[in-house]
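Structural characterization, general
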Amino acid sequence: MSQQFDVVVIGGGPGGYVAAIRAAQLGFSTACIDATKNAEGKQSLGGTCLNVGCIPSKALLQSSENYHNTIHGFADHGITAGSVKVDIAKMLARKQDIINKNTGGIAYLFKKNKVTSFLGYGSFKSRNGDKYQIEIKDGDKVEVIEATHVIIATGSKVRQLPGVAIDNQLVLDNEGALAIPAVPKKLGVIGGGVIGLEMGSVWKRLGAEVTVLEAAPAFLAAADEQVAKEAFKLFSKDTGLDIQIGVKIGEIKTGKKDVTVNWTDAAGAEHKSEFDKLIVAIGRVPNTDGLGADAVGLKINERGQIDVDGDCRTNLPNVWAIGDVVRGPMLAHKSSEEGVAVAERLAGQHPHVDFDVIPWVIYTNPEIAWVGKTEQQLKAEGVEYKKGQFLFSANGRALALGDSKGFVKMLACAKTDRILGVHIVGAHASELITEAVVAMEFKASSEDIARIVHAHPSLSEAMHEAALGCDKRGLHS
């Protein structure tokens with residue numbers, strides 16, 4: 001007899017492990033299957049986010065920023081350092097220690113909540129009525145378990161650039177970009193999205209000459225145009241990234257020690273660039289390979305996504321899918337909330353995930369964060385709105401930090417004053433955006449934020465001033 005569970009989660013990333021924990025808390029016998037291993041060959045829960053994505057990238061961003069500030073920023077504070085050196089091996093070891101603490105923490109939470117953890121690749125083997133046989137493969141080891149409910153949380157994988165082989169030696173994906181053993185003299189990045197900008201920023205601060213090649217005709221097209229324009233200026237001027245927009249990538253040749261990229265710029269001029277390393281960061285695609293969808297008739301659409309309804313139900317009874325394998329933004333926090341919501345629906349509850357108030361963050365310097373509608377979206381939709389904006393250069397805390405770049409912009413309905421969107425470029429934007437998320441979730445108006453007392457001095461006062469600005473009554477602008 002195979003082991004039987006009320007709920008089996010395939011995938012142990014931010015959506016999967018959270019779904020498993022919540023299901024167990026609600027009284028379901030729960031198992032989670034994940035194949036990720038660390039360098040010692042042991043299971044390393046947390047998926048791409050904790051192992052080769054969100055968490056390690058933030059560790060390197062912080063380390064590189066500390067190094068950069070020691071050389072370029074602290075003198076303004078009256079702090080002069082002597083010879084400053086960077087130890088990449090130690091920096092990478094610190095990153096790995098942070099990964100280990102996080103993944104180990106998930107293993108502890110599984111044990112605490114009585115979630116059974118399986119190491120291996122999970123796939124559908126067969127269906128018996130409303131129950132499913134799930135096969136788990138780890139090398140030559142194969143076992144089968146049975147589930148009443150299945151939650152698919154297999155995440156996403158790197159989108160491949162046709163004709164270019166990623167070896168994580170010269171041509172790198174996100175995993176390779178997080179493990180470069182020495183600072184390259186010249187680094188190329190294909191893709192000017194979140195991963196490309198964050199990884200480019202890390203190695204630029206550490207001393208690399210970085211060129212970002214982006215095919216799209218506009219920089220950060222998903223962001224508010226004004227924010228994107230400000231960010232482009234700051235990345236080019238302050239960070240020193242060479243960002244090329246509207247390029248066409250031609251032939252890419254890999255040599256013994258370098259990579260040659262032929263490309264055409266937006267004006268039609270042809271270029272040939274040689275890089276010591278090349279990061280390919282052109283997006284991610286749903287990871288449904290090897291899931292055994294055909295064995296049970298699970299529907300996968302032409303984009304490689306698993307079709308689900310508004311509650312994350314698939315076309316099969318008792319089978320659910322969340323996170324990067326379904327519609328919606330590929331964000332870790334979106335996956336987690338969907339995982340919690342599905343677990344609670346299994347228990348008869350009625351949770352709701354509002355896609356309109358999911359925050360977006362890019363952890364560059366300056367950080368970029370937003371929630372809700374952009375100004376160009378409101379114009380396109382014919383929505384009458386009013387705008388309030390406040391520069392961090394007029395904020396006392398930002399000046400004290402020595403980081404006064406950027407601004408906060410608030411957009412509110414001209415008729416009802418309800419907040420429609422908030423957009424931030426500047427220090428700690430990732431933390432500041434949460435006030436806007438909470439406000440929008442509770443259908444707050446700009447007047448509500450304008451009437452809330454914000455601590456002084458604090459960066460959050462910029463949010464307050466932006467709200468005041470919606471009615472043209474800013475106090476410090």
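With an unreviewed UniProt entry as reference, the protein is termed Dihydrolipoyl dehydrogenase, source organism Andreprevotia lacus DSM 23236. What the UniProt record of the protein gives under Catalytic activity (unreviewed entry) is the line "N(6)-[(R)-dihydrolipoyl]-L-lysyl-[protein] + NAD(+) = N(6)-[(R)-lipoyl]-L-lysyl-[protein] + NADH + H(+)". Taken verbatim from the UniProt record of the protein, the Subcellular location (unreviewed entry) comment is "Cytoplasm".

What follows deals with the pairing of strand β5 (residues 131-138). Relative to β5, strand β4 (residues 121-128) is paired through seven bridges, and the arrangement is antiparallel. Note that in β5 the partner of N128 across the bridge is K131. Taking the residues between adjacent antiparallel strands as the criterion, β4 and β5 are bridged by two residues, where G129 takes a positive phi near 70 degrees. The pairing of β5 with strand β6 (residues 141-152) spans seven bridges and is classified as antiparallel. The residue bridging E135 from the neighbouring strand is V144, located in β6. As consecutive antiparallel partners, β5 and β6 are separated by two residues, and within that stretch G139 has a phi angle of approximately 65 degrees, a positive value.

This part covers the UniProt feature "active site" (unreviewed entry) in the protein. Under the UniProt annotation, the feature "active site" (unreviewed entry) is placed at H456. H456 sits in the exposed class, given a relative accessible area of 64%. Only 2.9 Å separates the side chain of H456 from the side chain of E461, close enough to count as a polar contact.

This part is about the packing of helix α3 (residues 54-72) against helix α4 (residues 88-113). Between two packed helices, what matters for the description is the angle formed by their axes and the separation of those axes. Taken N-terminus to C-terminus, the directions of α3 and α4 make an angle of 145 degrees; their axes are 9 Å apart at the nearest point. Considering only the axes of α3 and α4, their crossing is right-handed. Seen from α3, the contacting residues are I55, P56, A59, L60 and S63; seen from α4, they are M91, L92, R94, K95, I98, I99 and N102.

So, about the sheet that holds strand β11 (residues 242-245). A sheet is described by the order of its strands in space; here five strands give the open sequence β8-β15-β9-β10-β11, paired in parallel fashion. Here the strands that pair on one side only, and so sit at the sheet edges, are β8 (171-172) and β11.

What follows covers the side chain of T374. Considering the arrangement of structural elements, one finds T374 in the loop between β19 (367-372) and α10 (375-381). Given the relative accessible area of 2%, T374 is considered buried. Ignoring any residue separated from it by four or fewer positions in sequence, one finds T374 in contact with A222, A223, D224, L411 and H423.

What follows covers the environment of C54. Note on placement: C54 falls in helix α3. By relative accessible area, which is 33% here, C54 ends up partly exposed. Linking C54 and V371, residues 317 residues apart in sequence, is a C-alpha distance of 19 Å. Apart from the residues lying within four places of it in its own chain, the contact partners of C54 are T48, C49 and A332.

This paragraph deals with the packing of helix α1 (residues 16-25) against α4. Between α1 and α4, the shortest axis-to-axis distance is 9 Å and the interhelical angle comes to 20 degrees. Between α1 and α4, the crossing angle belongs to the class labelled roughly parallel. Every pair of crossing elements has a handedness; the one defined by α1 and α4 is left-handed. Facing α1, whose interface residues are Y17, A20, I21, A24 and Q25, α4 presents I106, L109, F110 and N113. The class makeup of the residues in the contact of α1 with α4 is seven nonpolar, two polar and no charged.

As a further point, take the UniProt feature "domain: FAD/NAD(P)-binding" (unreviewed entry) in the protein. UniProt feature "domain: FAD/NAD(P)-binding" (unreviewed entry): in the numbering of this structure it lies at residues 5-339. With 31% helix and 28% strand, residues 5-339 has its two end C-alpha atoms placed 17 Å apart.

So, how was this worked out
Residues numbered from 1 in each chain as written. Predicted model: local features only at pLDDT ≥ 70, side-chain atom pairs only at ≥ 80, totals over all residues. Heavy atoms only, no water. UniProt positions renumbered as here; feature names shortened; annotations may be inferred. Pairing = 2+ DSSP bridges. Helix = DSSP H or I, 4+ residues; strand = E, 2+ residues; numbered from the N terminus. Buried < 20%, exposed > 50% of the residue type's maximum accessible area, 1.4 Å probe, protein only. Polar contact = N/O pair within 3.5 Å; in protein donor to acceptor, adjacent residues only side chain to side chain. Axes fitted to C-alpha atoms, helices over the stretch in contact; angles between N-to-C directions. Left-handed = near helix turned anticlockwise from the far one by under 90°. Contact = heavy atoms within 4.5 Å. Parallel < 35°, antiparallel > 145°, perpendicular 65-115°, else oblique. Nonpolar A, V, L, I, M, F, W, Y, C, P; charged D, E, K, R; others polar.

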